[in-house]
Every structure is written in structure tokens, then in C-alpha cells.
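Commentary on secondary and tertiary structure
Listed below are the residues making up each chain.
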Amino acid sequence: MTPTDDPTGDISGRTSRSVVFGAASVAFWFCCPFWMLVWVLALPLGLTGLVLGALEHRAASRQGVSRAQPLTGLALSSVGTAAAVAYMLFVFTHPELPIQG
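In this report, the structure presented in the accompanying data block is examined.

Quick notes on the overall build of the protein chain
Within the protein chain, the secondary structure is distributed over three helices and zero strands. For the protein chain, the succession of helices and strands along the chain, N to C, is α-α-α. Every one of the 101 residues in the protein chain was classed for burial, and the buried ones make up 32%.

Printed below as a string of C-alpha cells:
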């Protein structure tokens, strides 16, 4: 059962899935030095965290429970996604880099 499907509205003891996806997208940037491979993994994780965070935030606001975890997930996912997009744009706008040759 997912936190958004919980009929009692008690999601306090669980970690939000958006936090997990957002943290994974940010952790890839700090843990792996091969950024050419990292952005390919971090972008889908970050986008998934953004979607899940928006859904969980909407469900939490309807149920009247704390929205701290969905907002944390949205923040982490935004950072991971922004880093992936920024690196992707940097690589594609600099064709003289040896990784594209």
C-alpha cells in the first residue's frame, strides 16, 4: 500500500517515495565521479520524484496531514533534475569536449 492509498491518512511512519527518488538523484552526483553516466540515471529519477512529490503533496493536503515529506521530496528531486539538465545542456553546447568525439 502506498502512502497516497492509505485510508487512515497515517503516513507519518513511512518515508515518502518522492524523498527516496529525490535523494537518489542527488546522491548520484556526490557519489559517482563519472558525470557523463550519472545524468542519464539522475534525470529519470529526479523527474519521477517530482511527479510523485506533486501527487503526494496533493494527497497530503486533501487528507490534512503534514506535507513536510512531499515538499522535501520535491526539493531534492528539483535539485537532482536541475543538475542533470544543466550538465546535459553543458555537454551538448560544447562539442569540442573529448567525450563527444
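There's plenty left to go through after this.
Some points on the side chain of serine 77
Looking at where serine 77 falls in the secondary structure, it is placed in helix 3 (residues 68–93). The exposure class assigned to serine 77 is buried, which follows from its relative accessible area of 0%. Of the polar contacts made by the side chain of serine 77, one reaches the backbone oxygen of glycine 73; its length is 2.8 Å. Not counting residues up to four positions away in its chain, the partners in contact with serine 77 are Ser18, Gly22, Ser25, Gly46, Gly49 and Leu50.

Some thoughts on the side chain of serine 16
Counting through the fold element by element, serine 16 comes out in the segment before helix 1 (17–31). Take serine 16: its relative accessible area is 4%, and that puts it in the buried class. Side-chain polar atoms of serine 16 contact the side chain of serine 18, separated by 2.9 Å. Not counting residues up to four positions away in its chain, the partners in contact with serine 16 are Glu56, Gln69 and Pro70.

Rules of the game
- Residues numbered from 1 in each chain as written.
- Predicted model: local features only at pLDDT ≥ 70, side-chain atom pairs only at ≥ 80, totals over all residues.
- Heavy atoms only, no water.
- Helix = DSSP H or I, 4+ residues; strand = E, 2+ residues; numbered from the N terminus.
- Buried < 20%, exposed > 50% of the residue type's maximum accessible area, 1.4 Å probe, protein only.
- Polar contact = N/O pair within 3.5 Å; in protein donor to acceptor, adjacent residues only side chain to side chain.
- Contact = heavy atoms within 4.5 Å.

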